[in-house]
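Listed below are the residues making up each chain.
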Amino acid sequence: MSTRTIAAVAVCLTLAISAYLGLPLLMRPAAVVPAPILEPAGDEARAPSLEGLQPIPLTRQLASENDLAVLSLVLKDLCKGQSKPLLLHDVPDELAHERKQLDSTQFPPGIDRVCALVRIEPSAKLDAALAGKPPCPESEKSALPLWRCFHRHYPEAHGTLRMGLPVYYRRDELIATVDTGIGCGPLCGEGQRFVLAHRAGAWKLLAVQGTWIA
């Protein structure tokens, strides 16, 4: 389990205990503090500001030359500290209109070989597991125990991963953002936005910002 996932679980437990004991809430899931991860260290690694920037027009060449490299860095970072597999929905999240027009709506070939602890699964199968389909017994189909049903289908897995395709920007350099969401239980999950830049001929991961906590 990654450090960020452990932190997310700790926040969720604090909220649950506070609610149970009637204590005032000192933290709110909506007030997620961005947690930058800089790579490499130094001024060169500072994440660029996206304020006022609009995504640049997507082309097939832009996607084919960059999507795999960008998503590979994201998956490698997500794999850090994981001990159990994350099951990646095979359908990317939140497809931009331009990607639909260009028929660039799938993860690039080779994404399944980036990290052994991220495994691509059909979204329909994952949704069915979370919906309590057999072999889940009727007793485990209420709202909270649905993750028990999921782990009957996938006993080896930590949880599910949803990931969008890169959105590209330009401000003196080519920039990409990728949104992800991990689900691992009723009070276990987090969303993150990865910010990357193309520098010195290669993509570099500059920052990871929390976007939500379950």
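Residues numbered from 1 in each chain as written. Predicted model: local features only at pLDDT ≥ 70, side-chain atom pairs only at ≥ 80, totals over all residues. Heavy atoms only, no water.

J.: Please clarify how the state of the cysteines should be interpreted in this entry.
T.: The bond known as a disulfide is covalent and runs between the sulfur atoms of two cysteines. For the structure on display, the rule yields two disulfides. Covalently, Cys 79 is tied to Cys 115 through a disulfide, its sulfur atoms 1.9 Å apart. Judged by the torsion about the S-S bond (-120 degrees), the Cys 79/Cys 115 disulfide is left-handed. Placement of the pair is Cys 79 in helix H2 (residues 60-79) and Cys 115 in the loop between helix H3 (97-102) and strand E2 (118-121), with a sequence separation of 36 residues. Residue classification places Cys 79 among the buried positions, given a relative accessible area of 11%. Two residues share a disulfide in this structure: Cys 184 and Cys 188, whose sulfurs sit 1.8 Å from each other. Its torsion about the S-S bond being -85 degrees, the disulfide of Cys 184 and Cys 188 is classed as left-handed. (Disulfide = S-S within 2.5 Å. Helix = DSSP H or I, 4+ residues; strand = E, 2+ residues; numbered from the N terminus. Buried < 20%, exposed > 50% of the residue type's maximum accessible area, 1.4 Å probe, protein only.)

J.: Is there a simple way to think about helix H4 (residues 123-130) in this case?
T.: An α-helix turns once every 3.6 residues. As a result, residues three or four positions apart point the same way. Every buried residue belonging to H4 is among Ser 123, Leu 126 and Ala 129, and all of these are buried. In an axial view of H4, the angular spread of the buried residues amounts to 125 degrees, which keeps them on one side of the axis. Turning to H4, the residues buried within the fold contact strand E1 (86-89), E2, helix H5 (146-153) and strand E3 (159-163). Phi for Gly 132, located one or two positions after H4, is positive at around 85 degrees. (Arc of directions from axis to C-beta. Contact = heavy atoms within 4.5 Å.)

J.: Whenever I open this one, the pairing of strand E4 (residues 167-170) confuses me. Can you help?
T.: Side chains on a regular strand alternate between the two faces of the sheet. When E4 meets strand E5 (residues 174-185), the two strands line up antiparallel, connected through four bridges. Residue pairing across strands places Val 167 opposite Thr 177, the latter belonging to E5. (Pairing = 2+ DSSP bridges.)

J.: Can you help me understand H2 in this one?
T.: Taking 1.5 Å per residue, 20 residues should reach 28 Å; H2 reaches 28 Å between its end C-alpha atoms and fits that length. The largest bend along H2 measures about 40 degrees and falls at Asn 66. Once H2 ends, the next one or two residues include Gly 81, with phi positive near 80 degrees. (Expected span 1.5 Å × (residues − 1). Bend = angle between axes of the 7 residues up to and from the residue.)

J.: Would you mind going over the confidence of the model for the protein with me for this structure?
T.: Detailed reading of the predicted model is not advised wherever pLDDT is low. Per-residue pLDDT for the protein has a mean of 81; in total, 74% of the residues score no lower than 70. E1 holds the highest mean pLDDT among the elements of the protein, 98, whereas helix H1 (residues 3-21) holds the lowest, 44. Per-residue pLDDT stays below 50 along residues 5-11; that stretch engages in 11 contacts with residues further than four places along the chain or on separate chains. Contacts of residues 13-44 to residues separated by more than four positions or lying in other chains number 38 contacts, the stretch itself having pLDDT below 50. (pLDDT = per-residue confidence, 0-100.)

J.: Help me understand the environment of Ala 63 in this model?
T.: Position of Ala 63 among the secondary structure elements: in helix H2. Residues Ala 63 and Leu 165, 102 residues apart in the sequence, show an inter-C-alpha distance of 9.2 Å.

J.: What is the right way to read unusual backbone geometry from this model?
T.: Across the chain, the bulk of peptide bonds are trans and the bulk of non-glycine residues have phi less than zero. The phi angle at Glu 94 is positive, at roughly 45 degrees, despite the residue not being glycine. Summarising the element assignment, Glu 94 is placed in the loop between E1 and H3. In the Ramachandran plot, Ala 200 falls in the positive-phi region, its phi being about 55 degrees despite a non-glycine side chain. Tracing the backbone through its elements, the reader meets Ala 200 in the loop between strand E6 (188-199) and strand E7 (202-213).

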